[in-house]
Amino acid sequence: HFPPEPTAAAVRLGQLAANLPKFGWQVTVLSRPRPSHSFPNGVLRTKPAPRVWLEARQRYHGASALSPLKRAARHLLRFCSFPDRSIWWVPIAVRAALSAGLKFDAVMTSYWPSAGHFIGWQTSQALDIPWIADYQDLWTGNGTAQLSRARVRLGRWIERMAIRHA
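Computed from a predicted structure; not experimentally measured.

**Q** Tell me what's going on with the nonpolar core, and back it up with residues and numbers.
**A** Core analysis: the biggest nonpolar cluster contains 16 residues, and Ile87, Trp89, Val90, Phe118, Ile119 and Trp121 have the highest contact counts within it. Looking at this core, the elements with two or more residues in it are α4 (90–98), α5 (115–127) and α6 (149–163).

**Q** Help me get a handle on the environment of Met108, residues and values and all.
**A** With respect to the helices and strands, the residue Met108 is situated in strand β3 (residues 107–110). Take Met108: its relative accessible area is 38%, and that puts it in the partly exposed class. A C-alpha to C-alpha distance of 9.3 Å links Met108 and Trp121, two positions 13 residues apart in sequence.

**Q** Any details on α6? Residues and values, ideally.
**A** With 15 residues, α6 extends 21 Å between its outermost C-alpha atoms, agreeing within 8% with the 21 Å of an ideal straight helix rising 1.5 Å per residue. Buried residues of α6: Arg151, Gly155, Ile158, Glu159 and Ala162, and no others. Taken down its axis, α6 places every buried residue within 105° of arc, on the same side. Along α6, exposed side chains directed more than 90 degrees from the buried face belong to Arg149, Ala150, Arg153 and Arg160.

**Q** Go over the packing of aromatic side chains, please, and point to the residues and values.
**A** One pass over the full model with this rule turns up one aromatic pair. Plain terms: the ring middles of Phe118 and Trp121 are 6.2 Å apart, the flat faces sit at 40° to each other, and that makes the pair tilted. With a gap of three residues between them, Phe118 and Trp121 both fall in helix α5, about one helical turn apart. Assigned by exposure class, Phe118 and Trp121 land together as buried.

**Q** Account for unusual backbone geometry, naming residues and giving values.
**A** Phi is positive for Asp128, which is not a glycine, with a value near 55°. Position of Asp128 relative to the elements: it lies in the loop between α5 and β4 (131–134).

Conventions used here
- Residues numbered from 1 in each chain as written.
- Predicted model: local features only at pLDDT ≥ 70, side-chain atom pairs only at ≥ 80, totals over all residues.
- Heavy atoms only, no water.
- Core = buried A, V, L, I, M, F, W, Y, C linked by side-chain atoms within 4.5 Å.
- Buried < 20%, exposed > 50% of the residue type's maximum accessible area, 1.4 Å probe, protein only.
- Helix = DSSP H or I, 4+ residues; strand = E, 2+ residues; numbered from the N terminus.
- Expected span 1.5 Å × (residues − 1).
- Arc of directions from axis to C-beta.
- Phe/Tyr/Trp six-rings, centres within 6.5 Å; stacked < 30°, edge-to-face > 60°.

Following this line, the structure appears as structure tokens:
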């Protein structure tokens, strides 16, 4: 999330990006495309997630009265969207960061969505630079999603595996 999105996370990260240059940091932000928004300089917009995924997500995540087959497809999409729906953007974002032609001294990610931390982890490893993982909210155990015990355990294991590199 980044301005001009109307979320608290976007405002917080926008202020951070605006103030870091005062301390000698040049900031480049990697953000998902938002067709209705214009972005300030220093923001790299990526390609969107694959069209098939976007169409399937729109069709099956919001529908209430679905056939048994579509309900099964919705459960499959939720299962494959681990740890969250933004996971499909990770390879696109990492590729955009690596092909930007810029020299980065560090990468910083902020939580929500948790897939953003996978972008930071992979980018820092590929570029051999430090990764700063910001937790404005809990990743696992935050209580906002009703998940099975197995899904919670898997999420905690993946979180520990990823964050130990930050």
